[in-house]
Amino acid sequence: MIGFFIALISGALMSIQGVFNTQVTKDSSIWVANVFVQLTALLVCLGAWLCADRSSFGALFKVEPKYMLLGGAIGAFITYTVIKSMEMLGPARAVMLIVIAQLIVAYVIELFGWFGVEKQPLEWRKIIGMIIAIAGIIIFKWK
């Protein structure tokens, strides 16, 4: 149950962050905003590490396969694409499309067992759920 609430908080924070970042971009540029976002994230993470963790950064050299270390680089492009989509579509439409894309890609990753994720069987109820979510976007956008 705690995982459920953490996911809800994550989604809410992602939406708020996207709006904030889009506003910062209006007074600077998309890459200046992105650098600031990533820099402040680094500072928060370093502070949390100093207060709570202090495990060795050397453990990163043990990560296999090495491409798994690309999460931060992907994060820079996530920030960029969230800012651009919110700027072009508005927060509600952008977030709906982002969430549907996340859902579809996550399910494909599970189906094929990519990136070390345990392979899951195809479930029609999940496919139907995605179709309903896509229909919801169409209804939401319909004028």
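Now for a description of the structure that goes with this document. (Residues numbered from 1 in each chain as written. Predicted model: local features only at pLDDT ≥ 70, side-chain atom pairs only at ≥ 80, totals over all residues. Heavy atoms only, no water.)

**Quick word on the pattern of salt bridges**
What the rule picks out here adds up to four salt bridges. Between Glu87 and Lys84 there is a salt bridge, and its shortest N-O distance comes to 3.3 Å. Pair noted here: Glu87 and Lys84 are both in helix α3 (residues 71-89), with a separation of three residues, about one helical turn. A salt bridge links Glu123 to Arg125; the nearest nitrogen and oxygen atoms lie 3.0 Å apart. Look at the salt bridges and you will find they share partners, linking Glu123, Arg125 and Lys126 into a network. (Salt bridge = Lys/Arg side-chain N within 4 Å of Asp/Glu carboxyl O. Helix = DSSP H or I, 4+ residues; strand = E, 2+ residues; numbered from the N terminus.)

**Topic: unusual backbone geometry**
Residue Pro65 is reached from Glu64 by a cis peptide bond, and omega for that bond is -10°. Despite not being glycine, Phe115 shows a phi value in the positive range, around 60°. Looking at where Phe115 falls in the secondary structure, it is placed in the loop between α4 (91-112) and α5 (124-141). With a relative accessible area of 48%, Phe115 lands in the partly exposed category. (Buried < 20%, exposed > 50% of the residue type's maximum accessible area, 1.4 Å probe, protein only.)

**Notes on the packing of aromatic side chains**
The final tally for this structure, using the stated rule, is six aromatic pairs. Both rings, one in Trp31 and one in Tyr80, keep their centres 5.0 Å apart while their planes meet at 15°; by these two values the pair is stacked. One end of the pair, Trp31, is in helix α2 (residues 30-53); the other, Tyr80, is in helix α3, with 49 residues separating them in the sequence. Here Trp49 and Phe57 contribute two aromatic rings whose centre-to-centre distance is 5.0 Å and whose plane-to-plane angle is 55°, an arrangement assigned as tilted. Phe57 gets classed as partly exposed once you look at its relative accessible area, which sits at 47%. Ring pairing ties together the aromatic residues Tyr67, Phe112, Trp114 and Phe115, which thus form one cluster. (Phe/Tyr/Trp six-rings, centres within 6.5 Å; stacked < 30°, edge-to-face > 60°.)

**A word on α2**
Taking 1.5 Å of rise per residue, the 24 residues of α2 would be expected to cover 34 Å, and the 32 Å separating its terminal C-alpha atoms lies within 8% of that figure. All of the buried residues along α2 are Ile30, Ala33, Asn34 and Val37. Looking at the buried residues of α2, the elements they touch are α1 (2-27) and α3. Backbone geometry just downstream of α2 places Arg54 in the positive-phi region, at approximately 60°. (Expected span 1.5 Å × (residues − 1). Contact = heavy atoms within 4.5 Å.)

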